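Close look at the chain arrangement
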Amino acid sequence: MSELDSSTNRRSFLARSAKIAAVPAIAAVAGGVLAEPAAAASTELPDYAPIPASALGPAVNAQGYYVGRIKRNLYWVTDSTYQAVFLTTKEGVVLFDAPPTIGHNLQRAINEIAAANGTSNKVTHIVYSHHHADHLGASSLFGRHVERIGHVENRRLLLRDNDPTRPAPNVTFERHKTLRVGGERIELFHKGTNHSADNIYIHFPDHDALMLVDIVLPGWVPFQNLNINEDVQGAIAAPGKALEYPWTHYIGGHMGRLGTRRDMTVHQQYVDDIVDGVKKAMANVDPTPFFTKYGNNTWAGVKTYQDAQAEYAAAPVIKKYTGVLAAADVYTASHAFTILESIRLDLGYGSQVHA
């Protein structure tokens with residue numbers, strides 16, 4: 001197991017440095033976008049609030065991962081940006097998601113636990129939380145004979161995408177499936193579209209844990225535009241559904257630590273505050289100067305007006321949550337825009353019929 005000692009912190013620094021060193025290579029793949037001017041431009045980058053210590057998880061080891069016990073024979077793996085979970089059983093290992101950024105470190109983490117506990121290191125099952133490549137792109141590393149489980153929509157989407165790194169599940173379900181492997185029980189539920197059409201709730205009733213990916217990122221605000229959720233209202237409702245289950249440990253799929261029920265309620269309050277701010281912005285931000293200035297350039301008027309609404313809604317939320325949730329000052333305005341569009345289009349808030 002990884003521990004937070006000085007040598008581990010040094011290894012974490014080295015691992016992070018390696019990621020930074022990889023940026024030029026990424027730029028080259030992207031067609032040289034980050035060519036020589038990047039060094040000069042870096043001096044003009046914006047400053048953001050410090051990350052609260054509470055948002056950070058354990059340091060990764062020299063290979064770039066941390067593996068820890070959640071409860072009993074349930075473990076989690078992280079590279080400080082992505083997370084996966086695995087359950088050791090008498091029949092083999094059940095893996096939950098396979099993020100490509102963790103990649104081969106998934107098997108290394110499993111090997112580490114298997115060697116320490118004298119259990120099998122063979123992955124026999126992979127459960128897919130949803131179809132997105134950033135959470136499944138290492139699935140093919142485990143071969144063709146692994147049983148893969150996902151929602152029926154998950155299979156349809158993966159067959160459509162035809163990505164060899166993400167073999168489609170060969171076992172599917174529509175609403176609920178109890179998965180039993182080696183004397184262990186896992187409950188899989190689909191409760192409607194949220195982050196994606198196929199995103200599922202993975203409950204470990206015997207391990208006091210719940211996995212729900214890309215909804216709540218413990219200690220952090222969501223990724224840009226409210227995690228790019230396909231169904232904004234479904235995603236807003238998802239934490240409430242998650243809290244209906246009994247659990248103490250939460251796996252959100254991202255960042256460096258596990259979550260708690262308090263993390264989920266803080267997230268709910270954060271989103272509620274944005275919703276309240278958006279409604280106030282819709283009532284109080286005057287569109288006249290934007291459309292007067294840009295005349296028949298409709299999109300310029302719309303963009304600047306909505307930017308102003310998002311900033312109006314975000315400002316008090318940023319002030320309230322800076323130091324509470326990491327990156328509140330980075331992404332809150334983008335969340336406000338996404339929620340603005342959702343309550344306008346999905347809920348019809350502020351809609352008026354022309355006389």
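In what follows, the structure referred to is the one given above.
Remember, it's a predicted structure, so these values are computed and weren't measured experimentally. (Residues numbered from 1 in each chain as written. Predicted model: local features only at pLDDT ≥ 70, side-chain atom pairs only at ≥ 80, totals over all residues. Heavy atoms only, no water.)

1. A look at the packing of aromatic side chains
Per the stated rule, a full pass over the model turns up 10 aromatic pairs. Aromatic pair Phe96 and Phe204: ring centres 4.9 Å apart, planes at 80 degrees, arrangement edge-to-face. With Phe96 in strand β4 (residues 92-96) and Phe204 in strand β10 (residues 201-204), this residue pair connects regions lying 108 residues apart in the sequence. Ring-pair connections join several aromatic residues into one group, and the members of that group are Phe189, Tyr201 and Tyr245. The ring centre of Trp247 lies 4.8 Å from the NZ or CZ of Arg261, which sits over that ring. (Phe/Tyr/Trp six-rings, centres within 6.5 Å; stacked < 30°, edge-to-face > 60°. Helix = DSSP H or I, 4+ residues; strand = E, 2+ residues; numbered from the N terminus. Lys NZ or Arg CZ within 6 Å of the ring centre and 35° of its normal.)

2. Description of the side chain of His131
Topologically, His131 is positioned in the loop between β5 (123-127) and α5 (133-136). When its relative accessible area of 6% is taken as the criterion, His131 is described as buried. Beyond its immediate sequence surroundings of up to four residues, His131 is in contact with Leu136, Asn154, Leu157, Leu158, Arg160, Asp161, Arg166, Ser196, Asp198 and Glu230. (Buried < 20%, exposed > 50% of the residue type's maximum accessible area, 1.4 Å probe, protein only. Contact = heavy atoms within 4.5 Å.)

3. Examining unusual backbone geometry
Even without being glycine, Asn162 reaches a positive phi, approximately 55 degrees. Within the element layout of this structure, Asn162 appears in the loop between α6 (152-161) and β7 (171-173). Asn162 sits in the exposed class, given a relative accessible area of 63%. Although it is not a glycine, Asp208 sits at a positive phi angle of roughly 60 degrees. Within the element layout of this structure, Asp208 appears in the loop between β10 and β11 (209-211).

4. Re the pattern of salt bridges
Enumeration according to the criterion identifies 11 salt bridges in this entry. Across the salt bridge formed by Glu341 and Arg344, the nearest N and O atoms sit 2.9 Å from each other. Of this pair, Glu341 and Arg344 are both found in helix α12 (residues 328-345), 3 residues apart, which corresponds to roughly one turn of the helix. Here the salt bridges do not stand alone but share partners, grouping Arg160, Asp161, Asp163 and Arg166 into one network. (Salt bridge = Lys/Arg side-chain N within 4 Å of Asp/Glu carboxyl O.)

5. Side note on the sheet that holds β11
An order of β8-β9-β10-β11-β12 is seen for the 5 strands of this open sheet, with the pairing classed as mixed. Edge positions in the sheet fall to β8 (176-181) and β12 (249-251), since each of these pairs with one other strand and no more. For this sheet the average axis-to-axis angle between neighbouring strands, irrespective of direction, equals 20 degrees. Bridge analysis of β10 against β11 gives 3 bridges, and the strand direction is antiparallel. Directly across from His203, in β11, lies its bridge partner Leu210. (Pairing = 2+ DSSP bridges. Axes fitted to C-alpha atoms, helices over the stretch in contact; angles between N-to-C directions.)

6. Comments concerning the packing of helix α9 (residues 261-284) against helix α11 (residues 298-321)
At their nearest, the axes of α9 and α11 sit 8 Å apart, and the two run at 140 degrees to each other. If you check the angle between α9 and α11, you find them oblique. Our pair here, α9 against α11, has a crossing hand that is right-handed. Residues Val266, Gln269, Tyr270, Asp273, Ile274, Gly277, Val278, Lys280, Ala281, Met282 and Asn284 of α9 pack against Tyr305, Gln309, Tyr312, Ala313, Val317, Lys320 and Tyr321 of α11. Partitioned by chemical class, the residues of the contact of α9 with α11 number 11 nonpolar, 4 polar and 3 charged. (Parallel < 35°, antiparallel > 145°, perpendicular 65-115°, else oblique. Left-handed = near helix turned anticlockwise from the far one by under 90°. Nonpolar A, V, L, I, M, F, W, Y, C, P; charged D, E, K, R; others polar.)

7. Quick look at the pairing of strand β2 (residues 74-78)
Burial within β2 is extensive, with 5 of its 5 residues counted as buried. Taking every second residue as pointing to the same face, both faces of β2 are buried, with Leu74, Trp76 and Thr78 on one and Tyr75 and Val77 on the other. Pairing analysis gives 5 bridges linking strand β1 (residues 66-71) to β2, with the strands arranged antiparallel. Following the sheet pairing, Tyr66 is matched in β2 by Thr78. Turn length for the β1-β2 hairpin, with the two strands adjacent in sequence and antiparallel, is 2 residues, and the turn residue Arg72 shows positive phi of about 55 degrees. Pairing between β2 and strand β3 (residues 83-89): 5 bridges, direction antiparallel. Note on β3: the bridge partner recorded for Thr78 is Gln83.

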